[in-house]
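# Structural characterization, general
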Amino acid sequence: MEKVPMLAEGYEKITADLKTLRAERPLIVDAIEEARAHGDLSENAEYHAAKERQGQVEAQIAELEDKASRAQIIDPSTLSGDKVIFGATVTLLDEDDKPIKYQIVGQTEADASKGRISYNSPIARALIGKQVDDEVEVTVPSGDKFYLIEKIEFI
């Protein structure tokens, strides 16, 4: 069973989402029972909608439970080194010498607008294992991008 690396806040988000979905279960069962009481199930839109929602919730719960059971929680402040690894915050210089800062995180925490990229993303895959002053070429949908690693931090 492959471990899923994530920060503590990603694990907390998964457990909070699980709690919310589990709390929704009884409400869905009540909605199904109420819709059943209306009679003919073949043309009962409320019943079909409630059953569909039940399927979605159960699938989400199964997926989140799987991630939580395989979670490998990593605290970046306990890491060190001179290479880019999971949890590192990397400052890059683009072709115009404009600084860009990314933290390499798990898929759960990834949010590019906040500078947090998944370790599976093309940029993160290109950065992992590199050191300060290394040049990195990343192929993205808009073409090839070139970066220079300016700083690696574990914060």
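Anything mentioned here points back to the structure above.
First things first, this report covers the structure right here in the doc. (Residues numbered from 1 in each chain as written. Predicted model: local features only at pLDDT ≥ 70, side-chain atom pairs only at ≥ 80, totals over all residues. Heavy atoms only, no water.)

## Some words on the overall build of the protein chain
The secondary structure content of the protein chain amounts to three helices and seven strands. When its helices and strands are written in sequence order, the protein chain yields β-α-α-β-β-β-β-α-β-β. Since a compact globule built from 155 residues should have a radius of gyration of about 15 Å, the 22 Å found for the protein chain marks it as more spread out than a globular shape. When its C-alpha atoms are laid out on the principal axes, the protein chain stretches across 70 × 35 × 25 Å. Of all 155 residues assigned to the protein chain, the portion counted as buried reaches 37%. Sequence-distant contacts in the protein chain: of pairs separated by 6 or more residues, those separated by 24 or more amount to 52%. As presented, the protein chain carries roughly 9,400 Å² of accessible surface, and 50% of it is formed by carbon and sulfur atoms. Charged side chains of the protein chain number 19 positive and 31 negative; the gap between the two group centres comes to 4 Å. (Helix = DSSP H or I, 4+ residues; strand = E, 2+ residues; numbered from the N terminus. Rg over C-alpha atoms; globule rule 2.2 N^0.38 Å. Buried < 20%, exposed > 50% of the residue type's maximum accessible area, 1.4 Å probe, protein only. Contact = heavy atoms within 4.5 Å. Areas by Shrake-Rupley, 256 points an atom, 1.4 Å probe, with all protein chains shown as cover. Lys, Arg positive; Asp, Glu negative; His and termini not counted. Charge placed at Lys NZ, Arg CZ, Asp CG, Glu CD.)

## Looking at the pattern of salt bridges
Inspection of every chain in the model, using the stated rule, returns 10 salt bridges. With a shortest N-O distance of 3.1 Å, Glu33 and Arg36 are connected by a salt bridge. Of the two residues, Glu33 and Arg36 both sit in helix α1 (residues 8-36), three residues apart, roughly one turn of that helix. One salt bridge in this structure joins Glu153 and Lys101, with 3.6 Å as the shortest N-O distance. With Glu153 in strand β7 (residues 143-153) and Lys101 in strand β4 (residues 99-105), the pair connects residues that are 52 residues apart, well separated along the chain. (Salt bridge = Lys/Arg side-chain N within 4 Å of Asp/Glu carboxyl O.)

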